[in-house]
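# Understanding the architecture of this molecule
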Amino acid sequence: MTERIRPPWWLKPANKVFIQMSRLGMRFGGEGPVVLTVPGRKSGQPRSTPVTPMTVDGKEYIVGGFPGADWVANVRAAEKATVRRGRRHEHVRLVELPADEARPLLRLWPTEVPTGVGFMKRSGLVTDGRPEEFEALAGRCAVFRLDPA
């Protein structure tokens, strides 16, 4: 079973505020957070969470920052999702990468998505935030490629 690391107490309320702001059409920078919506694996109801994609060689990727996160389990079950960037949305297919393919992307993640480094430090997954520490998370933290649906 996948290890579960508890996110900080304030993350759910902050995510709800971010999602509402996004619904109002607010954007948060070119490569900033977006809202990922995927059907719940049990209820089938849409579940939304902010994620910050990174672009490498023209392809977008997202990293599951907390092993055992519900949104990761929902993506694995559904494989399809909607990504909302402000008021614009697109349907995507999410492809989980095997650990060997995820390693180089995780190594880039701290420089490509520096806002996520603090989350990973506070959760205890990394200590210094060096690229080698993130690379070592391959197989523990899911990495998904976003393909057009």
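Quantities reported herein were computed from a predicted structural model and do not represent experimental measurements. (Residues numbered from 1 in each chain as written. Predicted model: local features only at pLDDT ≥ 70, side-chain atom pairs only at ≥ 80, totals over all residues. Heavy atoms only, no water.)

### Here we look at the nonpolar core
Core analysis: the biggest nonpolar cluster contains 19 residues, and Leu106, Met120, Phe134, Leu137 and Val143 have the highest contact counts within it. Contributing elements (two or more residues each) for this core: strand E3 (54-56), strand E4 (59-63), helix H3 (99-112) and helix H4 (117-123). Per-element tally for this core: the top contributor is H3, with 4 residues. Contacts of Phe134, omitting those with residues within four sequence positions, involve Leu106, Trp109, Pro110, Val117, Met120, Val126 and Gly129. Counting 17 residues, the second largest nonpolar core, distinct from the first, contains Val34, Val51, Ala69 and Val83. (Core = buried A, V, L, I, M, F, W, Y, C linked by side-chain atoms within 4.5 Å. Buried < 20%, exposed > 50% of the residue type's maximum accessible area, 1.4 Å probe, protein only. Helix = DSSP H or I, 4+ residues; strand = E, 2+ residues; numbered from the N terminus. Contact = heavy atoms within 4.5 Å.)

### Here we look at H3
Helical periodicity: at 3.6 residues per turn, an α-helix aligns residues three or four positions apart in one direction. Between the first and last C-alpha of H3 there are 19 Å, a value that for 14 residues agrees with the 20 Å anticipated at 1.5 Å per step. Three or more residues of H3 are buried, namely Ala102, Leu105, Leu106, Trp109 and Pro110. (Expected span 1.5 Å × (residues − 1).)

### Digging into the pairing of strand E1 (residues 34-39)
Relative to strand E2 (residues 46-51), E1 runs antiparallel, the two sharing 6 bridges. Note on E2: the bridge partner recorded for Val35 is Pro50. Remark: 6 residues form the turn of the hairpin made by E1 and E2, two consecutive strands paired antiparallel; Gly44 in that turn has positive phi of roughly 80 degrees. (Pairing = 2+ DSSP bridges.)

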